[in-house]
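Letter by letter, the chains look like this.
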Number of protein chains: 2
Amino acid sequence: MLKENILIARGKKPADLLLKNASYINVFTGEIERQNIAIANGKIVGFGEYEAREEIDVAGQIVTPGLIDAHIHIESSQLVPTEFAKLVLAQGTTAIVADPHEIANVCGMDGIQFMIDSLKNTLLNFKMMLPSCVPATPFETTGAVLSGRDCTREVQKKDIAGLAEFMNIPALLLADEDACRKLQGAIDAQKIIDGHAPSVTGRDLNAYLVAGVRTDHECTTVNEAIEKVAKGMYILMREGSATQDVAVLCKAITPYTRSRFLFCTDDKHAEDIERIGHINHAVRVAIEAGLSPIDAIICATINAAICYGFYNKGAVAIGYDADLAVFDSLQTMRCTMTIVDGKVVAKNGKAIVQFKGVEDKKVVTSMHIQEVTASTFNLPCETKRARVIEVFAKTLFTEEKIITIIPNATDIVLPKGILKIAVLERHKSTGNIAVALLSGITLKNGAIAQTIAHDSHNCIVLGDNNKDMALAVNTLQKVGGGIAIVYANKVHTLPLEVAGLMTAVAENQYIAQMKKMVQLSKDLGVQADIDVFMTLSFMALPVIPKLKMTDKGLFDVMQFAYTKVAVE
Amino acid sequence: MLKENILIARGKKPADLLLKNASYINVFTGEIERQNIAIANGKIVGFGEYEAREEIDVAGQIVTPGLIDAHIHIESSQLVPTEFAKLVLAQGTTAIVADPHEIANVCGMDGIQFMIDSLKNTLLNFKMMLPSCVPATPFETTGAVLSGRDCTREVQKKDIAGLAEFMNIPALLLADEDACRKLQGAIDAQKIIDGHAPSVTGRDLNAYLVAGVRTDHECTTVNEAIEKVAKGMYILMREGSATQDVAVLCKAITPYTRSRFLFCTDDKHAEDIERIGHINHAVRVAIEAGLSPIDAIICATINAAICYGFYNKGAVAIGYDADLAVFDSLQTMRCTMTIVDGKVVAKNGKAIVQFKGVEDKKVVTSMHIQEVTASTFNLPCETKRARVIEVFAKTLFTEEKIITIIPNATDIVLPKGILKIAVLERHKSTGNIAVALLSGITLKNGAIAQTIAHDSHNCIVLGDNNKDMALAVNTLQKVGGGIAIVYANKVHTLPLEVAGLMTAVAENQYIAQMKKMVQLSKDLGVQADIDVFMTLSFMALPVIPKLKMTDKGLFDVMQFAYTKVAVE
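Report on the accompanying structure. (Residues numbered from 1 in each chain as written. Chains lettered and ligands numbered in written order. Predicted model: local features only at pLDDT ≥ 70, side-chain atom pairs only at ≥ 80, totals over all residues. Heavy atoms only, no water.)

Turning our eyes to something else, we now look at the overall build of chain A. The secondary structure content of chain A amounts to 17 helices and 29 strands. Taking 568 residues into account, the globule formula puts the C-alpha radius of gyration at 24 Å, and chain A, at 25 Å, falls close to it. Its C-alpha atoms put chain A at 85 × 50 × 40 Å along the principal axes. In chain A, which comprises 568 residues, the share counted as buried stands at 63%. Across chain A, every contact between residues at least 6 apart in sequence was considered, and the portion connecting residues at least 24 apart equals 68%. Split by element, the accessible area of chain A, about 19700 Å² in all, is 51% carbon and sulfur. In chain A, 57 positive and 64 negative side-chain charges are present, and the distance between their average locations comes to 1 Å. (Helix = DSSP H or I, 4+ residues; strand = E, 2+ residues; numbered from the N terminus. Rg over C-alpha atoms; globule rule 2.2 N^0.38 Å. Buried < 20%, exposed > 50% of the residue type's maximum accessible area, 1.4 Å probe, protein only. Contact = heavy atoms within 4.5 Å. Areas by Shrake-Rupley, 256 points an atom, 1.4 Å probe, with all protein chains shown as cover. Lys, Arg positive; Asp, Glu negative; His and termini not counted. Charge placed at Lys NZ, Arg CZ, Asp CG, Glu CD.)

Another aspect to go through is the sheet that holds strand E27 (residues 553–556) of chain A. Residue and element names in this part refer to chain A. With antiparallel pairing, the three strands of this open sheet are ordered in space as E26-E27-E28. Among the strands making up the open sheet, the edge pair consists of strand E26 (547–550) and strand E28 (561–562). In this sheet, E28 lies alongside E27 in antiparallel orientation, the contact comprising two bridges. Opposite Phe555, over in E28, you have Tyr562 as the bridge partner. (Pairing = 2+ DSSP bridges.)

Residues and elements named next belong to chain A. Within the secondary structure, Ser132 is located in the loop between strand E8 (125–130) and helix H5 (148–154). Separated by 2.9 Å, the side chain of Ser132 and the backbone oxygen of Ala164 make a polar contact. Filtering out sequence-adjacent residues up to four positions away, Ser132 remains in contact with Leu163, Ala164, Glu165, Phe166, Met167 and Lys182. (Polar contact = N/O pair within 3.5 Å; in protein donor to acceptor, adjacent residues only side chain to side chain.)

As a further point, take the packing of aromatic side chains. In total, this model carries 14 aromatic pairs over all chains according to the counting rule given. When the centroid spacing of 4.5 Å and the interplanar angle of 40° are considered together, the rings of Phe139 of chain B and Phe555 of chain B count as tilted. Of this pair, Phe139 of chain B sits in the loop between strand E8 (125–130) and helix H4 (148–154) while Phe555 of chain B sits in strand E27 (residues 553–556); the two residues are 416 residues apart in sequence, bridging distant segments of the chain. Phe555 of chain B shares its class with Phe139 of chain B; the two are buried. Ring geometry for Phe555 of chain B against Phe560 of chain B: centres 6.0 Å apart, planes inclined by 70°, an arrangement best described as edge-to-face. Classification of Phe555 of chain B as buried rests on a relative accessible area of 0%. A network of ring pairs unites the aromatic residues Phe139, Phe555, Phe560 and Tyr562 of chain A as a single cluster. The residue whose ring lies beneath Arg203 of chain A is Tyr50 of chain B, and the NZ or CZ to ring-centre distance is 4.6 Å. (Phe/Tyr/Trp six-rings, centres within 6.5 Å; stacked < 30°, edge-to-face > 60°. Lys NZ or Arg CZ within 6 Å of the ring centre and 35° of its normal.)

Counting residues at the interface gives 59 residues for chain A and 59 residues for chain B. Carbon and sulfur atoms make up 58% of the area that chain A and chain B hide from each other, which totals about 4800 Å². Counting the contacts that link chain A with chain B gives four salt bridges. For the salt bridge of Lys3 of chain B with Glu177 of chain A, the shortest nitrogen-to-oxygen distance reads 2.8 Å. At the surface where chain A touches chain B, the tally comes to 24 residue pairs in polar contact (both at pLDDT 80 or more). Going through the elements one at a time, helix H1 (2–9), strand E3 (43–47), helix H6 (169–173), helix H7 (177–188), helix H8 (202–210), helix H9 (222–230) and helix H13 (293–300) of chain A are the ones with two or more residues in the side of chain A that touches chain B. Its residues assigned to classes, the side of chain A that touches chain B shows 34 nonpolar, 13 polar and twelve charged. (Buried area = accessible area lost by both parts, 1.4 Å probe. Salt bridge = Lys/Arg side-chain N within 4 Å of Asp/Glu carboxyl O. Nonpolar A, V, L, I, M, F, W, Y, C, P; charged D, E, K, R; others polar.)

Residues and elements named next belong to chain A. Within the secondary structure, Thr475 is located in helix H15 (residues 466–479). Judged by relative accessible area, Thr475 falls into the buried class, the value being 9%. Sequence-wise, Thr475 and Met367 are 108 residues apart; in three dimensions their C-alpha atoms are separated by 11 Å. Of note is the side chain of Thr475, whose polar atom sits 2.6 Å from the backbone oxygen of Leu471.

Overall, the coordinates contain zero disulfides over all chains when judged by the stated rule. Cys107 of chain A takes part in no disulfide bond, and the closest cysteine sulfur to it belongs to Cys459 of chain A, at a distance of 15 Å. (Disulfide = S-S within 2.5 Å.)

Now for the environment of His269 of chain A. All names here are of chain A. Along the chain, the position of His269 falls in the loop between strand E13 (261–264) and helix H11 (270–276). Sequence-wise, His269 and Gln527 are 258 residues apart; in three dimensions their C-alpha atoms are separated by 20 Å. If near-sequence neighbours (up to four positions away) are discounted, His269 is found in contact with Ser76, Ser77, Ser241, Asp531 and Met534.

It is worth spelling out the pairing of strand E24 (residues 482–487) of chain A at this point. Residues and elements named next belong to chain A. Burial analysis of E24 places five of its six residues in the buried class, which makes it a mostly covered element. Where strand E22 (residues 446–450) lies against E24, five bridges are found, and the strand directions are antiparallel. For Gln450, the partnering residue across the bridge sits in E24 and is Ile483. As paired strands, E24 and strand E25 (residues 490–495) are joined by six bridges and run antiparallel to one another. Looking at E25, one finds that Ala484 is bridged to Thr493. The hairpin turn running from E24 into E25, its antiparallel successor, is two residues long, and Ala488 in that turn takes a positive phi close to 55°.

Further remarks concern the relation of the copies chain A and chain B. Structural alignment of chain A on chain B gives an RMSD of 0.1 Å, achieved by rotating through 180° and translating 0.0 Å along the axis. Put plainly, the chains are arranged around a two-fold axis. It is Pro255 of chain A whose C-alpha, among those of chain A, lies nearest the rotation axis, at 2.9 Å. Same-surface contact between copies: 100% of interface residues of chain A are shared with the interface of chain B. (Least-squares fit on C-alpha atoms with pLDDT ≥ 70 in both.)

Looking now at the pattern of salt bridges. All names here are of chain A. The full count for this structure, using the stated rule, is 62 salt bridges over all chains. Where Asp266 meets Arg238, a salt bridge forms, and the shortest distance between an N and an O atom there is 2.6 Å. Of this pair, Asp266 sits in the loop between E13 and H11 while Arg238 sits in strand E12 (residues 234–238), placing them 28 residues apart in sequence. Like Arg238, Asp266 is buried.

Across the sheet, which stays open at both edges, the three strands sit in the order E26-E27-E28 (chain B) with antiparallel pairing between neighbours. Strands with a single pairing partner mark the edges of an open sheet, and in this sheet they are strand E26 (547–550) and strand E28 (561–562) of chain B.

All names here are of chain B. In terms of burial, strand E7 (residues 93–98) is largely enclosed, as six of its six residues are buried. Across four bridges, strand E6 (residues 67–72) lies against E7 in parallel orientation. Bridge pairing links Leu67 to Thr93 in E7. Pairing of E7 with E8, which is carried by four bridges, proceeds in the parallel orientation. Of the residues in E8, the one forming a bridge with Ile96 is Phe126. Read from E7 through helix H3 (residues 101–120) to E8, the crossover connection turns out right-handed. (Right-handed = clockwise from strand over helix to strand, strands pointing away.)

Now for helix H16 (residues 507–523) of chain A. Residue and element names in this part refer to chain A. The terminal C-alpha atoms of H16 lie 24 Å apart, and with 17 residues this matches the ideal 24 Å at 1.5 Å per residue to within 8%. For H16, the complete set of buried residues consists of Glu507, Tyr510, Ile511, Met514, Met517, Leu520 and Ser521. Buried residues belonging to H16 abut helix H2 (81–89), H11, E22, E24, E25 and helix H17 (532–538). Where H16 ends, the next residue or the one after it, Gly525, has phi of about 115°, a positive value. (Expected span 1.5 Å × (residues − 1).)

Written out as structure tokens, the structure reads:
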């Protein structure tokens, strides 16, 4: 191949493909160059006049290096990697840095291996990071634990690029033994350590960096970004489904800081990727916010390639891998063609390739809940006042509300506007269950259950009656996890059979199913401005104030302690 | 250490060292920041107010990351690495990318191992590249050969950072089997390949890049640099003893291309390093030529760190290695202090550390010349005209001059202004010897011999009489190689006992000896503007036109063929 490419580059043999009349962004000179691009054996072999077996005229369009997502939890798309890849390739993304934090919490290293094996079946380039915080907190029951010893062993492996976002900041700042072992393991293996340090500043930030962390995707202000860049971090500007920071953070980019900014999505739903795009959307947002298009493309390509060691990627340059994206314009960033390894893999927003899914029994047997009955959800409460989780639209923060109730030794009678919420441990058949009260979501004669519940991904269920809640949970047990809605005595499911988090059905089929589930939730009474699936998915994460609940009980995040529904 | 550094960064324990009132260059923001720098366990752990066991006030000075030489043949300093390191550390250089091309030509892998072992004994950080062209040409006899198979095996080793400057461009462009094997070996090992591509452009440059080459240090014009950067190369701006390109090349630096420019010295004599500096001198030249001081420091530090994978180096940032240089000002770039791994290693231009030299028999037994006599240098010439190598001051190019002589079947009688030059194979006792004529250097009643003769480093000798030439060569055989001058019937030597290229004496002692040898050459009649040792060292390199000579005979570079002294 080397010999042949040398001869092709010299014009002694025809190339495989010639992109004619290309206007491409040169990330090294900051200029838009107008030349044909010759490709052979997956490499860019020349610019200018070349003969080729195939020609594609891209006049009037913009060619960029394939875009790179510097931090993504594929699981948030609810698609297995072999389907997810089609979605993002169609948007011009040709490489990702994946953090399999969700599946790791359910299936441990087996889950990570499934993600690696699956991505290897695709044409999407990837770096796989090792989740650093499994479990995320000691207040919940996960399917797996990755200890300091585990991490030190696994991070050395060839398929692991580094240690994923180190979220346990309190443990790090206290120089906790197990936390330090994880960090030291990655340092010794000479691999990158990703950060997750919202609002960490000053000496605490110094301590965080001394521990070897090199990136952060939790910045939300210009000042925070500048301090972090000045101290040596790469800033991953996030534009995901739940959180959008690009428009603000790109204001921190100067000709000097530019090389330290990357894009990421962190969590992005499949339907959002299909509708508004992936990293191309982040680029669009940055350009709309005033960043120069060239700078935006640099952040989306070569910067990420350098930060994460994608050698020979991130640039339209000779000898580089022929991973390219073609957009109709830098304003719309609508992807008209994606090329990976010299082959056209997507056209006009649709993948034209299929990838073989990985069949792995270890990741489709994650549901272990014994059959429940209506009485499982009984909530005895013998006081006159009760504690309620109050949720709001468009925020993951909750409040605590105290309501008056009629004491009942068997099961509380739900006052108007109050729902029951329960978390059932699903990994190890412990039978752990916690039942509590919730307000802020309307829902009538039905229940919604799901096995997506950060970070342990136990089974969470919301309803206004015990019977429907039981039906929803029992149905999820049968289908292997996913989302179940009981509406008008009928149960509707969106099975997520892989770890209860992802499905292997085709991406377009999943998106259609998901739209149906959203409609069903609205039919059930959920307000228009509430994404009930996302709200539920964060209700079991005991780190965002104020009241959350895990399989072990109602949790007061501010007090950092369990609490009770009953208020004396 | 990690645990302790976390606590120190948080101010819970004192740091080891505080650089007070530092004005340091932040390569990530492009600003000069004014803060104390706290150091512990070899790392930068904080900025601002910190307690420390030791404080050094650097008010009024400039602190930069330790400088990096991106390409150097240490052998050109004629000092073993343990002495060379002291010289460059004293100038603020804390890391180098070494290409042991010279010793590899003499001692093969044993020589490279000696360089690695020696550098490991120092505090100078390094990456060791594997010489790619040993021998450089087939027209000379080297001490060792590194074949494609050898390179493929060796480049995989942990101590080898990549494949050194790939000089054999004709072989590459023809996709020669052995050349491609070397390149493919480095690609497969995922290691960097350095280039050496003077004036290579267009499709030939494309072919060169497709072969995996990523850097070039042979650029001499802005246009050449821009084409190479645009196509994906890093440009190493050279400022060495023989060649100075910085003042020109730094004009190609823009806010976009900046990250692709580095500095190197390639070849720099010890006395030049001591007198005018090392990479700090290159920075000074760039600033004088109009490059912003911040940009110059960026090229000299983080750019090289990123290009060659010096992780945690190249920046004054938290968690980075405490490798720092302190200069009196950005204009003078006079190094007042160098810190490596948190320890002060040099002050006011002098190293304050000593490194243990490596004793290795394999590299001190490189001389294998049987005793010669005056008649060894007889040059019979029965024609009336003879071919003479004509040399000039300040260029490595030579011309061919035809002179009239009196035919002599035993030994030519040297006309006025004509000297004899001879190359004797010294590696394998082949007895190979070539004798020819040279003009352009004056020399009276004496001879100069040396074992530095690129790239094979055979023994080269220049003289106006056979007896002195024989004495010079026999003396070098006795002392194990180096430089010998016969003047007024007395022989003076500068032994370079390591491979006939380097000495293990202390750097200051060597520099004093070398100054004496220069004086002796002047006493012998060599013109003031001629560096006779450098001229001789390039006289045996059959790639620079027009007439050169190897141990196999007089060589016409333009004809790419051997020729004769006698002109019919």
